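# Structural features, examined
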Amino acid sequence: MNRIDPAMPVGAYQTYSITSPRDVQVRAACEQAGCQAWQHGWESAIDERTDLGRTQAAYIRTQSGRTFREMKRGDGLTVFRFEPYQRCFAEHRTRPEIYLVRDGDWRGNPTGRQRQHTSPDDWVEDFGEHQQRIADQQQKG
């Protein structure tokens, strides 16, 4: 690997990283998974002439807890049109991300100090503030 020799000691640096554990998946909400049904809404066409269709339609109407409009199609199917920004019926899985900030650089972490942010927004805000501090120090000379 080609690296530029650092101008300062290792303790003068901070490293920001985002990693995902290998082979680990967790259940995720539609929004976290980038679910298109959540974002745009969706339709489910149900054939209520079958036992399965009657069971599905009854669940949607009485137990799903979702907001929908109901229409009948010319071919006899019942169409349930679900509004956006509500959980779909799929179970989403995603890989968790770890938002880490530690002292040091590729040469090591001399203090052993590190912290893990709980959200990407917090990590981005921390990173931006750190960059601003560096810019302010450079401007002062």
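You'll find the structure just up there.
None of these values were measured; they are calculated from a predicted model.

## Observations concerning the sheet that holds strand E7 (residues 98-103)
Strand order across the open sheet formed by 3 strands is E1-E7-E8, with antiparallel pairing between neighbours. In this open sheet, the two strands that pair with only one neighbour each are strand E1 (14-19) and strand E8 (114-117). If you compare each strand with its neighbour and ignore which way they point, the axes differ by 20° on average. Two elements, E1 and E7, share 6 bridges in a ladder whose sense is antiparallel. Residue Gln14 lies in a different strand from E7, and its bridge partner there is Asp103. Those strands touched by helix H4 (residues 120-140) are E1, E7 and E8, and its axis lies near 155° from that of E1.

## Comments concerning the pattern of salt bridges
Under the criterion given, the structure shown has 11 salt bridges. Close ionic contact of Arg73 with Asp75 constitutes a salt bridge, the shortest N to O distance being 2.8 Å. Relative accessible area serves as the criterion here: at 39%, Asp75 is assigned to the partly exposed category. Note that Arg93 and Glu91 form a salt bridge whose closest N and O atoms lie 3.4 Å from each other.

## A few points about H4
Relative to the 30 Å expected for 21 residues at 1.5 Å per residue, H4 spans 30 Å between its end C-alpha atoms, a close match to the ideal helical length. Within the span of H4, buried status applies to Trp123, Asp126 and His130. When H4 is viewed along its axis, its buried side chains cluster within an angular range of 65° and face the same direction. Residues of H4 that are exposed and point over 90 degrees away from its buried face: Asp121, Gln139 and Lys140. The inward-facing, buried residues of H4 contact E1, E7 and E8.

## Comments concerning a negative patch on the surface
On the surface, Asp121, Asp122, Glu125 and Glu129 cluster together into a negatively charged patch. One can find Glu125 in helix H4.

## Here we look at the packing of aromatic side chains
Each aromatic ring pair is specified by the distance between its two centres and by the angle formed by the two planes. All told, the structure shown has 11 aromatic pairs when counted by the stated rule. Ring plane angle 75° and centroid distance 5.9 Å describe the contact between Tyr16 and Trp123, whose orientation is recorded as edge-to-face. In this pair, Tyr16 is assigned in strand E1 and Trp123 in helix H4, connecting sequence segments 107 residues apart. The two residues Tyr16 and Trp123 agree in class, both being buried. Both rings, one in Trp42 and one in Phe89, keep their centres 5.9 Å apart while their planes meet at 90°; by these two values the pair is edge-to-face. Of this pair, Trp42 sits in strand E3 (residues 42-46) while Phe89 sits in the loop between strand E5 (78-82) and strand E6 (92-94); the two residues are 47 residues apart in sequence, bridging distant segments of the chain. Here the aromatic cluster, defined as three or more aromatic residues joined through ring pairs, consists of Trp42, Tyr59, Phe68, Phe80, Phe82 and Phe89.

## Here we look at the side chain of Arg66
Tracing the backbone through its elements, the reader meets Arg66 in the loop between helix H3 (51-62) and strand E4 (68-72). Reaching out from Arg66, the side chain makes a polar contact with the backbone oxygen of Ser64 at a distance of 2.8 Å. Setting aside residues up to four positions removed in sequence, Arg66 forms contacts with Trp42, Tyr59, Phe82, Gln86, Arg87, Cys88 and Phe89.

Parameters and conventions
- Residues numbered from 1 in each chain as written.
- Predicted model: local features only at pLDDT ≥ 70, side-chain atom pairs only at ≥ 80, totals over all residues.
- Heavy atoms only, no water.
- Pairing = 2+ DSSP bridges.
- Helix = DSSP H or I, 4+ residues; strand = E, 2+ residues; numbered from the N terminus.
- Axes fitted to C-alpha atoms, helices over the stretch in contact; angles between N-to-C directions.
- Contact = heavy atoms within 4.5 Å.
- Salt bridge = Lys/Arg side-chain N within 4 Å of Asp/Glu carboxyl O.
- Buried < 20%, exposed > 50% of the residue type's maximum accessible area, 1.4 Å probe, protein only.
- Expected span 1.5 Å × (residues − 1).
- Arc of directions from axis to C-beta.
- Patch = residues over 30% accessible without salt bridge, like charges linked within 9 Å, V, L, I, M, F, W, Y side chains within 5 Å.
- Areas by Shrake-Rupley, 256 points an atom, 1.4 Å probe, with all protein chains shown as cover.
- Lys, Arg positive; Asp, Glu negative; His and termini not counted.
- Charge placed at Lys NZ, Arg CZ, Asp CG, Glu CD.
- Phe/Tyr/Trp six-rings, centres within 6.5 Å; stacked < 30°, edge-to-face > 60°.
- Polar contact = N/O pair within 3.5 Å; in protein donor to acceptor, adjacent residues only side chain to side chain.

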